[in-house]
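# Analysis of the macromolecular model
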Amino acid sequence: MKKEEDEYAVKTALLDARVYYNEEMEKHFQAKDWLEQAELQKLHEEIGDTAIENTKKEVDLTADQEKQLRKLMLNLYKRYDDKNLLRKPQDTYAIGIDLGTTYSCVAVCIKGKVKVIPCDEKTTIPSYVAFNADNSISVGEAAKDQAFRRPESTIFDAKRLIGRKFSDKIVKQDMELWPFQVIGDNDQPRIKIPGHQNTYRPEEISARVLFHLKKIAEEYLNKTVTNAVVTVPAYFNDSQRQATKDAAEIAGLNAKILNEPTSAAIAYDLQWTSDFKRNVLIFDLGGGTFDVAVLQIKGGKIDVKAIGGDTHLGGEDFDNEMVKHIIEVVKKKTGKDLGRGRNSMNPEEKRSASERLRRIRSVCEKQKRLLSSSTSTTIIIDRIDESYDLNEQFTRKTFEDLNMANFKKCIEITAGVITDAKMKKGNIEDIVLIGGSTRIPKIRELLTKYFGGKALNSTVNADEAVAYGAAVQAALEYGKRDEVSKNVWVSDVTPLSLGVEIHGGLMSVIIPRNTRVPCSKKSQYATLYDWQKVVNFSIFEGEDPLAKDNNKLGEFKLSGIPIARAGEEKIDLTMEVESDGIFHVTAVCRSTRGTKTIKIEAHKGRMSKKEITSAKKRNLKFH
Ligand code: AMP
């Protein structure tokens, strides 16, 4: 009994020490806008020593217990150190950008406080770019507002195209619904604007959105901004990440890439001063993409356990279901096909079809938002087709029925990510909702049910959390170069397996999906036939056992292999993934070690340096 009492007394004393440390540190921390690092460290040491002394007065501390208490206080101190760094007065600012499919957002960290920068009193701007008749460009709200007048020259959804091939079946499906024209050039999608000689890559469209956000930030800060952290869905593959980086470069930004759920987790984590370990699930359902991540947060350290999602699942898909339904209903009722002429060769028919569809989609999107708070609404568009006025009742129930398969898919993907994280749903402590589409009641209901009635967390702002976290990361990344330590740190994982094609067209995985990054893995291959001088490597990412059904990233040849019998010459293939998910491949012939190293060449389909430079010039011309 005595022993138990002693143990209890020690536990209580340790907790008291921790409370004392936090209260004292907080008091000094709040008293000034910013503390010199040496001053903060001195405070930590003094308060820490007093905490230990006080504890020793209460109980007998063993050497081990004292060590444990000091370690605990050091962890708390690291958080203060990081927060203090964010408050440091700065001459230059790095910004955080959430480059969304439908909406984008920019934030900056000023003296420890994150400011989501407003534009015309709104904190998000539509990711829309309009090429105007006078050769100027509008971005954001101004572009979206005039979309109905010039649908073929108003571009959105660039994020759905970026880093994809023209032959991608998702691109083909999307093209059916876009009012603007996309053509293929060497299997690269290009956007064609009526009256323009040039065609535009999706990178250039995204660059315009990024450029606009950069300008908003510069105006707000009254300073030039060149450094940024740009977020991408966790499920973005290597070429989508590279292309996003290229878009930033065209916009005049030196950007680092960060996964959206990780960014949201940073925003979420900042609310906590505790250093207890928590398993957090980030459920991010936006306009175009769905991302799920399971992370472990402890004392400022964010450890991503598994990620998953769908690069093509979100609010726009829900809107499309509504549009299809409305077309069907009107067809049944009146025999009128509101979608007619979509694929017509006649430019006038095609133009009026795209205008009609755009108007229907726009109203559907607005009414969908309304259906999150009411159970019924009406889709009204005057003179949608000549003198025909659209006026259809639309209930929340119909919306849910139309999208049930999509909603269930979200839950299935969530379950898969929890399994990948080697956890059970009961291990998840917090479920954090991000993205505009998480306001849909049915999604919340299905998610709560899946987690056995667990409450969902909506404490972070669903629209701003990603940009918020990116701003914090930007301040830490760019503001801390001269500092040795880095306390808030993130360890991410690879979204897809990486490997090479081997004999029989099979995919030989070198780095499995959900491997922690940065990482480097080596695999050995041998020559296949006698006197083989050259080995061709094709690099893929994806989960299919057949290489051809995965995404090809590039290929290269390793030549100069010494003459030998089949299997005698060995080649080491090393794959390295950097912390932002960008990767390199090196092949070394063992017998000539050190002399035959080849790095994977520029991405297939990626913009060359020359192309980026000329896109940059073109971008500036449009001012
Ligand atoms: P995000 O990409 O996170 O900005 O999310 C934008 C998507 O969220 C768009 O498809 C919006 O239509 C959708 N959205 C925003 N608010 C709501 C709402 N109240 N109910 C349903 N969907 C919404």
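Residues numbered from 1 in each chain as written. Predicted model: local features only at pLDDT ≥ 70, side-chain atom pairs only at ≥ 80, totals over all residues. Heavy atoms only, no water.

### Some details on the sheet that holds strand β20 (residues 498–502)
Taken in spatial order, the four strands of this open sheet run β21-β20-β23-β24, and their pairing is antiparallel. Each edge of the sheet is formed by a strand with only one pairing partner; in this case those strands are β21 (506–511) and β24 (551–558). Across the sheet, the axes of successive neighbouring strands diverge by a mean angle of 30 degrees, strand direction being ignored. Bridge count for β20 against strand β23 (residues 535–541) is three bridges, and the pairing is antiparallel. Within the sheet, the bridge partner assigned to V500 lies in β23 and is I539. (Pairing = 2+ DSSP bridges. Helix = DSSP H or I, 4+ residues; strand = E, 2+ residues; numbered from the N terminus. Axes fitted to C-alpha atoms, helices over the stretch in contact; angles between N-to-C directions.)

### Section: a positive patch on the surface
Taken together, the side chains of K67, K71, K78, K277, K298 and K301 make up a positively charged region of the molecular surface. At three residues, the largest contribution of residues to the positive patch is made by helix α3 (residues 63–87). By the element assignment, K78 lies in helix α3. A relative accessible area of 33% places K78 in the partly exposed class. (Patch = residues over 30% accessible without salt bridge, like charges linked within 9 Å, V, L, I, M, F, W, Y side chains within 5 Å. Areas by Shrake-Rupley, 256 points an atom, 1.4 Å probe, with all protein chains shown as cover. Salt bridge = Lys/Arg side-chain N within 4 Å of Asp/Glu carboxyl O. Lys, Arg positive; Asp, Glu negative; His and termini not counted. Charge placed at Lys NZ, Arg CZ, Asp CG, Glu CD. Buried < 20%, exposed > 50% of the residue type's maximum accessible area, 1.4 Å probe, protein only.)

### A few points about the sheet that holds strand β6 (residues 137–139)
Taking strand neighbours across the sheet as the criterion, the three strands line up as β6-β5-β7 in an open arrangement whose pairing is antiparallel. Looking at strand neighbours, the two that pair on one side only are β6 and β7 (154–155), the edges of this open sheet. Pairing analysis gives three bridges linking strand β5 (residues 129–131) to β6, with the strands arranged antiparallel. Pairing of V129 across the sheet is with V139, part of β6.

### As for the site of the ligand
Around the ligand, 14 residues are found, and the nearest of them are G287, E365, K368, S372 and G436. Here an oxygen atom of the ligand sits 2.5 Å away from a polar atom, N or O, in the side chain of E365. Calculation on the ligand without its partners gives an accessible area of 500 Å², and the protein chains cover 89% of this total. By residue class, the composition of the shell around the ligand is two nonpolar, eight polar and four charged. (Near = heavy atom within 4 Å. Polar contact = N/O pair within 3.5 Å; in protein donor to acceptor, adjacent residues only side chain to side chain. Nonpolar A, V, L, I, M, F, W, Y, C, P; charged D, E, K, R; others polar.)

### Focus: the domain arrangement of the protein
A common way to report how large an interface is uses the accessible area buried once the components associate. Entries for the protein in the domain assignment read domain 1 (2–87), domain 2 (95–313 + 405–491) and domain 3 (498–600). The straight-line distance from the C-alpha centre of domain 2 to that of domain 3 is 32 Å. Taken together, the contacts link 14 residues of domain 2 with 11 residues of domain 3. Both sides together, the interface formed by domain 2 and domain 3 hides about 1100 Å², and carbon and sulfur atoms give 37% of it. Taken together, domain 2 and domain 3 are joined by two salt bridges. Note that D303 and R516 form a salt bridge whose closest N and O atoms lie 2.9 Å from each other. Our enumeration of links across domain 2 and domain 3 arrives at six residue pairs in polar contact (both at pLDDT 80 or more). (Domains from an automatic or database assignment. Contact = heavy atoms within 4.5 Å. Buried area = accessible area lost by both parts, 1.4 Å probe.)

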